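Residue strings, one per chain:
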Amino acid sequence: MPRFDRYLLAQLTILFGFFALVLVSIYWVNRGVSLFEQLIGDGQSALVFLEFAALTLPNVIRLVLPIAAFAATVYVVNRMISESELVVMQALGCSPWRLARPVLVFGLLVAAPIAVLTHVLVPASRAQLDERRDEISRDIAAQFLSEGQFLHPARGVTLYIREITERGELRDIYLSDARSPETRVTYTAKRALLVDGETGPKLVMFDGMAQSLKRADRRLATTSFADFAYDIGALIDTARIRPPRLEVMPTAALLNPTDEMIEATGEPRAVFLYEGHARNAQPLLAVAGALIGYGALLVGGFSRFGVGRQVLMAIILLIGVNLLNNAAADIAQSNAALWPVTYLAPLIGTGIGAAMIWASARRRSVPSGAATTGRGEVRP
């Protein structure tokens, strides 16, 4: 690449790193505050909080990088205009299209790590986060059990444990389940254990009795049991066996969903296709943002009063592209045949940037000695 291209690309990369670091820090801290309150409130350690915060970082970076690319482009182009560097290059015969080449290369360089994040790192981190949340939920189930207290883990449920031994064995259990309006069941057992099951933690009681009272006729039925498993995980809202989430699936599976996958997740085929194609479209938003920032500042030309209006126009256009992206997501998820709409926002954003570069190049193609009429006609 020519020296000026390398210079402009270096400036964009340096400022991109700065804006990315600042925006990631702000967004990550904002997300970390709510995460800290949730985990510490549940009695988890600071190490667990740091682990969860680290697992949310790839998604934060994915969201921030396109904005950082736009901010870096606007800042660098604005500075080069104010310092007349672009004016000098244009005086040497460089067209706006020629000067846009390093900006386009910069947008593609930013799109590359975003693609890695959307296709690999973000799904992997979300899968690990779901797994750790399941483990934390089971830990909360164990912490919820306290000896010598009447506990009410859910409306209509009362639990009492006389003693919890050092080996984790529960002695003298009383459990009353009055959630059903027709029947009230009371369990008593000499001892019990809290074990992990396929659907969450279970309370396994030994040498006990179940008393079932029908409210309608006030009839009481008793049943003795040697052992009985009660799903206590459902009472304290712990992790359950959830259907696989689309966010953790590989992109190839999303683009070619099978009937078994659709049945397992409960999501329609349109949502699968949108999620898969969105991973391809998101990196292109960085290219669109860079071109919009460059074109908006260049289309206004040089002005001693600065480029404040052009910066504001670039911000409005970027917001419009993101709103269009949200609207396209709703449309694409409503019909499987409309998945190409997913690419509408980055393509329109890139087209807007190209249109502003074309307008800037066309304005500069008018001869310097020409005069225009009030109707816009050119006269020599």
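Since the structure is predicted, the reported quantities are computational estimates derived from the model, not experimental observations. All residue numbers refer to positions counted from 1 along the written sequence of the respective chain. The predicted nature of this model means local features are confined to residues of pLDDT at least 70 and side-chain atom pairs, given and counted, to a pLDDT of 80 or more, with totals for whole chains, interfaces and linings taken over all residues. The side-chain figures draw on all heavy atoms in the structure; neither hydrogens nor water molecules are used.

In this text, helices come from DSSP runs of H or I with a minimum length of four residues, and strands from runs of E with a minimum of two, each type numbered from the N-terminal end. In terms of helices and strands, the chain carries 9 helices and 8 strands. For every residue, the accessible area (1.4 Å probe, protein chains only) is compared with the maximum for its type, and the residue is labelled buried under 20%, exposed over 50%, or partly exposed between those bounds. Considering the chain as a whole, with its 380 residues, one finds that 41% of them fall into the buried category. Any pair of residues with heavy atoms lying within 4.5 Å of one another is described as a contacting pair. Long-range contacts, defined as pairs at least 24 residues apart, comprise 60% of the intrachain contacts of the chain with a sequence gap of at least 6. Counting every atom, the chain has about 20,600 Å² of accessible surface; 60% of that belongs to carbon and sulfur. Here the Shrake-Rupley method, with its probe set to 1.4 Å, supplies the accessible areas, and only the displayed protein chains count as covering residues.

On to the pattern of salt bridges. By salt bridge we mean one thing: a side-chain nitrogen of Lys or Arg within 4 Å of a carboxyl oxygen of Asp or Glu. One pass over the structure, following the stated rule, counts 11 salt bridges. When salt bridges that share partners are traced, they join Asp5, Arg98 and Arg101 into one network.

So, on to the environment of Ser224. As for its position among the elements, Ser224 is in strand β6 (residues 219-230). Separated by 13 residues in sequence, Ser224 and Gln211 have C-alpha atoms that sit 8.8 Å apart.

Okay, the side chain of Glu169 next. Here Glu169 lies in the loop between β2 (157-164) and β3 (170-177). N or O atoms within 3.5 Å of each other form a polar contact, as long as, within protein, one can give a hydrogen and the other can take it, and as long as residues adjacent in sequence are counted only when both atoms are side-chain atoms. A distance of 2.6 Å separates the side chain of Glu169 from the side chain of Arg171, its partner in a polar contact. For Glu169, the side chain forms a polar contact with the side chain of Arg191, separated by 3.5 Å. Leaving out residues up to four positions away in the same chain, Glu169 has contacts with Glu163, Ile164, Arg191, Ala192 and Leu193.

Phe16, Leu86, Phe106, Val110 and Tyr294 are the most contacted members of the largest nonpolar core, which totals 46 residues. Elements that contribute at least two residues to this core include exactly α1 (3-41), α2 (46-82), α3 (85-91), α4 (96-144), α7 (269-299), α8 (308-334) and α9 (344-364). Apart from residues lying up to four places away in sequence, Val110 is in contact with Phe16, Leu65, Ala69 and Ala286. Here, nonpolar core refers to any group of buried Ala, Val, Leu, Ile, Met, Phe, Trp, Tyr and Cys residues whose side-chain atoms link them within 4.5 Å. Within the second largest apolar cluster, 17 residues are counted, among which are Leu159, Val185, Tyr187 and Ala210.

This part covers the confidence of the model for the chain. Residues of the chain with pLDDT of at least 70 account for 84%, and the chain-wide mean is 83. Scored between 0 and 100, pLDDT is the confidence that the predictor attaches to each residue. In the model, residues 367-380 has pLDDT below 50 throughout and makes 9 contacts with residues more than four positions away in sequence or in other chains.

Bringing the layout of surface pockets into the picture now. Grid points spaced at 1 Å over the protein atoms alone were grouped into cavities, where a 1.4 Å probe fits but cannot get out, and pockets, open sets with protein on both sides within 12 Å along at least five of seven lines, with lining residues defined by an atom within 4 Å of a point. Grid points are joined across faces, edges and corners, and a volume is the space filled by probe spheres set on the points. Put simply, the largest pocket is a space of about 480 Å³. Lining the largest pocket are 22 residues; nearest its centre among them are Leu63, Pro66, Leu285, Asn322 and Asn325. Mapped by element, the contributors of at least two residues to the lining of the largest pocket are α2, α7 and α8. When residues of the lining of the largest pocket are assigned to their parent elements, the largest contribution, 8 residues, is made by α7. Residue composition of the lining of the largest pocket, by class: 15 nonpolar, 6 polar and 1 charged. All residues other than Ala, Val, Leu, Ile, Met, Phe, Trp, Tyr, Cys, Pro, Asp, Glu, Lys and Arg, Gly among them, are scored as polar; the first ten of these are nonpolar and the last four charged.

Patch rule: a residue counts if its relative accessible area is over 30% and it has no salt bridge; like charges are joined within 9 Å, and nonpolar side chains (Val, Leu, Ile, Met, Phe, Trp, Tyr) within 5 Å. A cluster of nonpolar side chains, contributed by Phe18, Val22 and Ile26, occupies part of the molecular surface with about 280 Å² of accessible area. Secondary-structure assignment places Val22 in helix α1.

Put simply, two rings from Phe, Tyr or Trp (the six-membered ring, in Trp's case) pair if the centres are within 6.5 Å, and we call them stacked under 30 degrees between planes, edge-to-face over 60, tilted for the rest. Within this structure, the stated rule accounts for 9 aromatic pairs. Pairing Tyr187 with Phe228 gives two aromatic rings, centres 5.2 Å apart and planes at 20°, and the pair type is stacked. One end of the pair, Tyr187, is in strand β4 (residues 183-197); the other, Phe228, is in strand β6, and 41 residues separate them in sequence. Since its relative accessible area comes to 29%, Phe228 is described here as partly exposed.

Now for unusual backbone geometry. Look at Asp172: it is not a glycine, yet its phi comes out positive at around 55°. Along the chain, the position of Asp172 falls in strand β3. On the basis of relative accessibility, which here comes to 34%, the residue Asp172 falls in the partly exposed class. One non-glycine residue, Arg218, lies in the positive phi region at around 60°.

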